[in-house]
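Per-entry structural report
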Amino acid sequence: MKTTFQISFFLILLVFAGCININVNKHPKELKAVKVTSPPVIDGKLDDAVWKKAPRGTDFVDRNANNETAQDQTVIKLVYSDKAIYLAWYCYDEEPDQIVTNVTDDQVRPFNEDWISFTIDPLHTHQFTDRIFFMSNPNGINFVSHPPFNVPIDDVPKLWNAAANIVEDGWIVEMEIPWDMLDYPEATEPIEIGINFDRGHARTGANTWWSKVRFIEDDRMDGHWVNVLPPPK
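Here goes a summary of the coordinates provided. (Residues numbered from 1 in each chain as written. Predicted model: local features only at pLDDT ≥ 70, side-chain atom pairs only at ≥ 80, totals over all residues. Heavy atoms only, no water.)

1. Some points on the pairing of strand E7 (residues 115-121)
This is how the line gets drawn: The classification of residues rests on relative accessible area computed with a 1.4 Å probe and restricted to protein chains. Under 20% of the type maximum is buried, over 50% is exposed, and intermediate values are partly exposed. Where helices and strands are cited, they refer to DSSP runs of H or I of at least four residues and of E of at least two residues respectively, numbered from the N terminus. DSSP-based pairing: two strands are paired if at least 2 bridges between them are found.
Judged by how many residues are buried, E7 sits mostly within the fold: seven of seven residues are covered. Side-chain alternation along E7 places Trp115, Ser117, Thr119 and Asp121 on one buried face and Ile116, Phe118 and Ile120 on a second face that is also buried. Of the pairings in the sheet, the one linking E7 to strand E8 (residues 132-136) comprises five bridges and is antiparallel in character. Each residue of the ladder has a partner; that of Ile120, found in E8, is Ile132.

Right, here's the structure in full:
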């Protein structure tokens, strides 16, 4: 009789041999950087003109379902200015009356509810310790990992802005993240920055990702934000 270890090892070999079809991206996804002069108002609505022309990312996959295409999709949009990075999330939900949102305090990480997370790797090292996570939920709370060391923890939420709104087919989040919060390289020519987007879905238990390349989360390759020209420091 095969042991559990033998069966698990055999399945891993099948995955890497390509005998089991895991629906992951063959290459990291990309979003083209677009610089704006009239940034959006961060109010949880997507009626700003800037969002109509912003690059969009979709086709999220579910990590908890062998990385198959997510049932409830998410659409993200991303632009920037010399002041900040601006994001829009449209989180579709077939049963919006079942959206779970508990955390109401900033700098409290949301668990066991609906949430979204923007991951940015400004130095593009692909190292976990160099990533910063900006999270929110349908209440529009602010949570950031690795906040600036010289800022009191109670003041961290004041450094950036998020706003959310539950709508008839899901929920929306807008974010404004100042460049001053990030450790980014000085550049005179456009560069690439590592980015990713993921979402937790309380009703279904799904954990969905925008750019998902490898089978194991810790080995994932984030997507790329290309042709970004950060402001001078």
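2. Some remarks on the environment of Arg199
Test applied: The contact criterion used throughout is that any non-hydrogen atoms of two residues lie within 4.5 Å. Counted as a polar contact is a pair of N or O atoms within 3.5 Å, where, for protein atoms, one must be capable of donating a hydrogen and the other of accepting one, and residues adjacent in sequence contribute only when both atoms are in side chains.
Counting through the fold element by element, Arg199 comes out in strand E12 (residues 191-200). Remark: the alpha-carbon pair of Arg199 and Trp210, spanning 11 residues in sequence, is separated by 8.9 Å. Apart from residues no more than four positions distant in its own chain, Arg199 is found in contact with Asp72, Gln73, Thr74, Cys91, Tyr92, Asp93, Trp115, Ile116, Trp171, Ala206, Asn207 and Thr208. A distance of 3.2 Å separates a polar atom in the side chain of Arg199 from the backbone oxygen of Gln73.

3. Digging into the pattern of salt bridges
Under the convention used in this document: One speaks of a salt bridge when a side-chain nitrogen belonging to Lys or Arg is within 4 Å of a carboxyl oxygen belonging to Asp or Glu.
For the coordinates displayed, the defined rule picks out eight salt bridges. Residue Lys35 pairs with Asp82 through a salt bridge whose shortest N-O separation is 2.8 Å. Here Lys35, found in the loop between strand E1 (30-32) and strand E2 (56-57), pairs with Asp82, found in the loop between strand E5 (74-80) and strand E6 (84-92); they are 47 residues apart in sequence, far enough to count as distant. Lys35 gets classed as partly exposed once you look at its relative accessible area, which sits at 45%. Across the salt bridge formed by Asp72 and Arg203, the nearest N and O atoms sit 3.0 Å from each other. One end of the pair, Asp72, is in the loop between strand E4 (68-69) and E5; the other, Arg203, is in the loop between E12 and strand E13 (207-209), and 131 residues separate them in sequence. Since its relative accessible area comes to 7%, Asp72 is described here as buried. Among the charged side chains, a salt-bridge network with shared partners connects Asp72, Asp93, Glu95 and Arg203.

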